[in-house]
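Read off the chains here:
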Amino acid sequence: METPAKPMTAREKIRKLVEVKEQVQREARENYRSNPDIQAAVEELKKKNARRFSRK
């Protein structure tokens, strides 16, 4: 007979969320490094923001 899983504590939930966040950030960085289309899009957005904020 299998015992039911204990509910996660708040600390465990936060730890899991942090782990997932870090994994997503690692994947995003790797995707940025390996995909020239994404790099181009990010650079274009940086240029647009620089123009937008330099006018003020």
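Residues numbered from 1 in each chain as written. Predicted model: local features only at pLDDT ≥ 70, side-chain atom pairs only at ≥ 80, totals over all residues. Heavy atoms only, no water.

What's the story with the overall build of the chain in this structure? I'm lost.
Each helix and strand counted, the chain has 2 helices and 0 strands in total. Since a compact globule built from 56 residues should have a radius of gyration of about 10 Å, the 20 Å found for the chain marks it as more spread out than a globular shape. The principal-axis extent of the C-alpha atoms belonging to the chain is close to 65 × 30 × 10 Å. Going through the 56 residues of the chain one by one, you find that 0% of them count as buried. Carbon and sulfur atoms make up 56% of the accessible area of the chain, which totals about 5700 Å². Across the chain, 16 positive and 9 negative side-chain charges occur, with their mean positions spaced 9 Å apart. (Helix = DSSP H or I, 4+ residues; strand = E, 2+ residues; numbered from the N terminus. Rg over C-alpha atoms; globule rule 2.2 N^0.38 Å. Buried < 20%, exposed > 50% of the residue type's maximum accessible area, 1.4 Å probe, protein only. Areas by Shrake-Rupley, 256 points an atom, 1.4 Å probe, with all protein chains shown as cover. Lys, Arg positive; Asp, Glu negative; His and termini not counted. Charge placed at Lys NZ, Arg CZ, Asp CG, Glu CD.)

I keep staring at the environment of I38 and nothing clicks. Help me out?
Relative to the elements of secondary structure, I38 occurs in helix α2 (residues 36-54). When residues no more than four places from it in sequence are discounted, the contact partners of I38 are N31 and Y32. (Contact = heavy atoms within 4.5 Å.)

Would you explain the packing of helix α1 (residues 10-34) against α2 in this entry?
Between α1 and α2, whose axes approach to 5 Å, the crossing angle comes to 95°. Taken together, the axis directions place α1 and α2 in an arrangement best described as roughly perpendicular. Facing α1, whose interface residues are N31, Y32, R33 and S34, α2 presents P36, I38, Q39, V42 and E43. Its residues assigned to classes, the contact of α1 with α2 comprises 4 nonpolar, 3 polar and 2 charged. (Axes fitted to C-alpha atoms, helices over the stretch in contact; angles between N-to-C directions. Parallel < 35°, antiparallel > 145°, perpendicular 65-115°, else oblique. Nonpolar A, V, L, I, M, F, W, Y, C, P; charged D, E, K, R; others polar.)

Explain α2 to me, please; I cannot follow it from the model alone.
Structural remark: α-helix, 3.6 residues per turn; residues separated by three or four positions point the same way. Over its 19 residues, α2 runs 27 Å from end to end, which matches the ideal 27 Å to within 8%, given 1.5 Å per residue. Backbone nitrogen of D37 and a side-chain oxygen of the N-cap are separated by 3.0 Å at the start of α2; the cap is N35. (Expected span 1.5 Å × (residues − 1). Polar contact = N/O pair within 3.5 Å; in protein donor to acceptor, adjacent residues only side chain to side chain.)

Quick question: what am I supposed to make of the pattern of salt bridges here?
Pairing between side chains of opposite charge can happen when their charged atoms approach one another. If you walk through the whole model with that rule in mind, you get 2 salt bridges. Across the pair E30 and R33 runs a salt bridge whose closest N-O atoms are separated by 4.0 Å. Separated by 3 residues within a single helix, E30 and R33 lie in helix α1, roughly one turn from each other. Its relative accessible area of 56% is what places R33 among the exposed residues. (Salt bridge = Lys/Arg side-chain N within 4 Å of Asp/Glu carboxyl O.)

So what exactly am I meant to see when it comes to the environment of A50 here?
The topology assignment puts A50 in helix α2. When the C-alpha atoms of A50 and E19 are compared, they prove to be 33 Å apart, with 31 residues separating the residues in sequence.

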